[in-house]
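The primary structure of each chain is shown beneath.
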Amino acid sequence: MKNPMLEAVSLLLEKLLVISNLKLFSLGAPDEDKNSNRFYEVSSFLRGDVLEVPRTHLTHYGIYLGNNRVAHLMPDILLALTTDEKRTQKVVSNKRLLLGVIVKVASVRVDTVEDFAYGTDVLVNRLDESLQKKALLNEVVAQRAEERLGLCLYSPLWNNCEHFVTYCRYGTAVSPQADKFCEYVKIIIRDRRSVLASAVLGLASIVCMGLASCITFPAILIPFCLWMSG
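Computed from a prediction, not measured in an experiment: that's the story for all the values here.

**Q** Which parts of the structure should I look at to understand the pairing of strand β2 (residues 59-66)?
**A** It is a general feature of regular strands that their side chains alternate between the two faces of the sheet. Across the eight residues of β2, eight count as buried, placing the element largely inside the fold. Of the pairings in the sheet, the one linking strand β1 (residues 50-54) to β2 comprises five bridges and is antiparallel in character. The residue of β2 that forms the bridge with Leu51 is Gly62. What sits between the antiparallel neighbours β1 and β2 is a turn of four residues. Alignment of β2 against strand β3 (residues 69-75), held across three bridges, turns out to be antiparallel. Residue pairing in the sheet places Gly66 in a bridge with Arg69 of β3.

What follows is the structure, encoded as structure tokens:
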């Protein structure tokens, strides 16, 4: 049986991650002119390599399939609106991506290295060192990626592009970026000032909106939960 409190906390963490990333994608993504003019030496990539594209505060990941093709997990609102592959196969814009994150719809898709990288530098197999995990054979990695092609649910915490590539390359889906975000949230929750701030906001809500149960209950419960978890 699912725990309603755990589900609520999970949902809150996901929405916080979405909100924190709203500006990061647009700040970290270069314009299309730069994307079209950038040249990548794809001959140095091996089938099954993990390709990384650093953004301002995030890193996007994909699996190189050979022949200038990259499989990567990408949120896209258009997938929920149409089945027209000609439209959905176009490069995913920032708006499509952000709305896809919100509605939790995504796909593992194949793009060229140029479209995947979007004008930024491409790093290769950096996760091998940072995670200190033994990688599967490159051909196995590529085959696992190809098996996952198509529609999937998206979650910034439980199923993002990093989960996809670590599943393919190491056999276990993990996301250090999501784990790091959760650690930041834990630090905020454990800070006593968070309890005080939530209590003040709750009291202000009661004063402004009255003692309705939909206002009073959260105003008491949230500071209490923060206090107990601190």
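Still to come is the rest of the account.
**Q** What should I look at first to understand the sheet that holds β3 in this one?
**A** Across a sheet, strands are paired by hydrogen bonds formed along the backbone, either parallel or antiparallel in direction. Taken in spatial order, the six strands line up as β5-β1-β2-β3-β4-β6 in an open sheet, and their pairing is antiparallel. Only two strands of the sheet have a single neighbouring strand rather than two, namely β5 (123-124) and β6 (150-153). Of the strand pairs in this sheet, β1 and β5 are connected by two bridges, and their pairing is antiparallel. Pairing of Leu51 across the sheet is with Val124, part of β5. Each of β2, β3 and β4 (105-112) is contacted by helix α7 (residues 138-147), which is oriented at about 105 degrees to β2, the strand it contacts most. The strands that helix α8 (residues 161-170) touches are β1, β2, β3 and β4; relative to β2, the one it contacts most, it runs at about 40 degrees.

**Q** Mind showing me how you'd approach the packing of aromatic side chains here?
**A** Each aromatic ring pair is summarised here by two numbers: the centre-to-centre distance and the angle between the ring planes. Inspection of every chain in the model, using the stated rule, returns one aromatic pair. Taken together, a centroid distance of 5.5 Å and an interplanar angle of 70 degrees make the contact between Phe45 and Tyr64 edge-to-face. A residue pair is termed long-range when its members are at least 10 positions apart, and Phe45 in the loop between α2 (32-37) and β1 and Tyr64 in strand β2 qualify at 19 residues. By relative accessible area, which is 10% here, Phe45 ends up buried. By relative accessible area, Tyr64 is classed as buried at 4%. Across from the ring centre of Tyr167, 4.8 Å away, lies the NZ or CZ of Arg148, which sits over that ring.

Cut-offs used in this document
Residues numbered from 1 in each chain as written. Predicted model: local features only at pLDDT ≥ 70, side-chain atom pairs only at ≥ 80, totals over all residues. Heavy atoms only, no water. Buried < 20%, exposed > 50% of the residue type's maximum accessible area, 1.4 Å probe, protein only. Helix = DSSP H or I, 4+ residues; strand = E, 2+ residues; numbered from the N terminus. Pairing = 2+ DSSP bridges. Contact = heavy atoms within 4.5 Å. Axes fitted to C-alpha atoms, helices over the stretch in contact; angles between N-to-C directions. Phe/Tyr/Trp six-rings, centres within 6.5 Å; stacked < 30°, edge-to-face > 60°. Lys NZ or Arg CZ within 6 Å of the ring centre and 35° of its normal.

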